[in-house]
Every structure is written in structure tokens, then in C-alpha cells.
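Single-letter residue listing:
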Amino acid sequence: MPHGHIRGLSQFYVDGLEHMEIAIDRRNAAPLPYRDNLRIPITLKVGSQQYEAGLRTTPNMPVVWISPDLRNNHGEKVSLARVLTDNGFTKNQRIYLEVNGPVVSLLPF
């Protein structure tokens, strides 16, 4: 099961919440459907909710990351940072990623 960590991006939303992304070491990312220079759509499951998310990397990056912008089941934009904090996750926390096809479930380390 791949693991990664939640990292802050040093940019802040209007409400003061820091932008966050999930970074996964490329050496441990094999079960994830990533491709260099492409945003690969995935379904990110956090708690009981599912979101449309994007998986990205580039050839020179040592990590694969889940982008900070999501869409909920109504197609509305929602920030990864808000979803993470609402579900008890914090910046710099290590996490597991359970991969089941295009569905990636976020689990505490």
C-alpha cells in the first residue's frame, strides 16, 4: 500500500486555511495510475465521501501528488485542505493510500 504525506504549499485561502496537497514518493507510487506530464483523474475517498481529484507528476519530480483542487459529488469545487481538515488530517501527517482501480482511499498512517 503506498504511503505519503500531507504538505502545505505556503499559500492561503481567504479564510486563512493553507493550501495542501498529498505527496507520494515516486518509488512507492506504483499502484497509483500516474503518468508524467498528465493530470490523471482519480476518485479520492476521504472518510465516507468521494471526490473527483487529479494525480500529477513530471519526469524530474521525485514525488507524485494529489492536486489541491477537488470536486464533490455535486460537481462543486472544494479544496483538498478543507476536506482533509474536516476529516481530522493535518499538515505534515503521514498517510496510507489504498488503491482500488481509479478509487484511492486516504487512511491515517
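Look a little higher up for the structure.
Only a predicted model underlies this, so the values are computations on that prediction, with no experimental measurement involved.

1. Overview of the pattern of salt bridges
Inspection of the entire model under this criterion finds 7 salt bridges. Between glutamate 21 and arginine 7 there is a salt bridge, and its shortest N-O distance comes to 2.6 Å. Separated by 14 residues along the polypeptide, glutamate 21 in strand E2 (residues 18-25) and arginine 7 in strand E1 (residues 3-12) bring together distant segments of the chain. Since its relative accessible area comes to 25%, arginine 7 is described here as partly exposed. Put simply, aspartate 69 and arginine 39 hold a salt bridge, and the shortest N to O gap is 3.3 Å. Of this pair, aspartate 69 sits in strand E6 (residues 69-71) while arginine 39 sits in the loop between E2 and strand E3 (40-46), placing them 30 residues apart in sequence. Owing to a relative accessible area of 40%, aspartate 69 belongs among the partly exposed residues under this scheme.

2. A short note on the packing of aromatic side chains
For any pair of aromatic rings, the description consists of the separation of the ring centres together with the inter-plane angle of the planes. Under the counting rule described, the total for this entry stands at 1 aromatic pair. Taken together, a centroid distance of 4.7 Å and an interplanar angle of 20 degrees make the contact between tyrosine 96 and phenylalanine 109 stacked. Of the two residues, tyrosine 96 sits in strand E8 (residues 94-100) while phenylalanine 109 sits in the segment after strand E9 (103-108), which places them 13 residues apart along the sequence. The exposure class assigned to tyrosine 96 is partly exposed, which follows from its relative accessible area of 29%. The ring centre of phenylalanine 109 lies 4.2 Å from the NZ or CZ of arginine 94, which sits over that ring.

3. Comments concerning the environment of valine 104
One can find valine 104 in strand E9. Overall, valine 104 belongs to the buried group, its relative accessible area being 0%. In this structure valine 104 touches Leu32, Ile42, Thr43, Leu44, Lys45, Leu97 and Glu98, once residues within four positions along its chain are discounted.

4. Considering the nonpolar core
In terms of nonpolar packing, the biggest core is built from 26 residues, with Ile22, Leu44, Ile66, Leu84, Leu97 and Leu106 touching the most fellow members. Listing elements by their share of this core, those giving two or more residues are E2, E3, strand E4 (49-56), strand E5 (63-66), helix H1 (80-86), E8 and E9. Once you skip the residues sitting within four places of it in the chain, leucine 44 turns out to touch Gln49, Gln50, Tyr51, Ala53, Ile66, Leu70, Leu80 and Val104.

5. Examining the side chain of glutamate 21
Looking at glutamate 21, the relative accessible area reads 7%, which means it is buried. A polar side-chain atom of glutamate 21 sits 2.6 Å from a polar atom in the side chain of arginine 7.

6. A look at the pairing of E9
Judged from the 4 bridges that link them, E3 and E9 form a sheet pairing that is parallel. In the strand pairing of E9, lysine 45 is matched with serine 105. Summarising the sheet, E8 and E9 pair through 6 bridges and their orientation is antiparallel. Paired with tyrosine 96 across the strands is leucine 107, a residue of E9. Linking E8 back to E9 in an antiparallel pair, the connection comprises 2 residues, with glycine 101 at a positive phi of about 65 degrees.

Basis of the calculations
- Residues numbered from 1 in each chain as written.
- Predicted model: local features only at pLDDT ≥ 70, side-chain atom pairs only at ≥ 80, totals over all residues.
- Heavy atoms only, no water.
- Salt bridge = Lys/Arg side-chain N within 4 Å of Asp/Glu carboxyl O.
- Helix = DSSP H or I, 4+ residues; strand = E, 2+ residues; numbered from the N terminus.
- Buried < 20%, exposed > 50% of the residue type's maximum accessible area, 1.4 Å probe, protein only.
- Phe/Tyr/Trp six-rings, centres within 6.5 Å; stacked < 30°, edge-to-face > 60°.
- Lys NZ or Arg CZ within 6 Å of the ring centre and 35° of its normal.
- Contact = heavy atoms within 4.5 Å.
- Core = buried A, V, L, I, M, F, W, Y, C linked by side-chain atoms within 4.5 Å.
- Polar contact = N/O pair within 3.5 Å; in protein donor to acceptor, adjacent residues only side chain to side chain.
- Pairing = 2+ DSSP bridges.

Shape descriptors only; they carry no functional weight alone.
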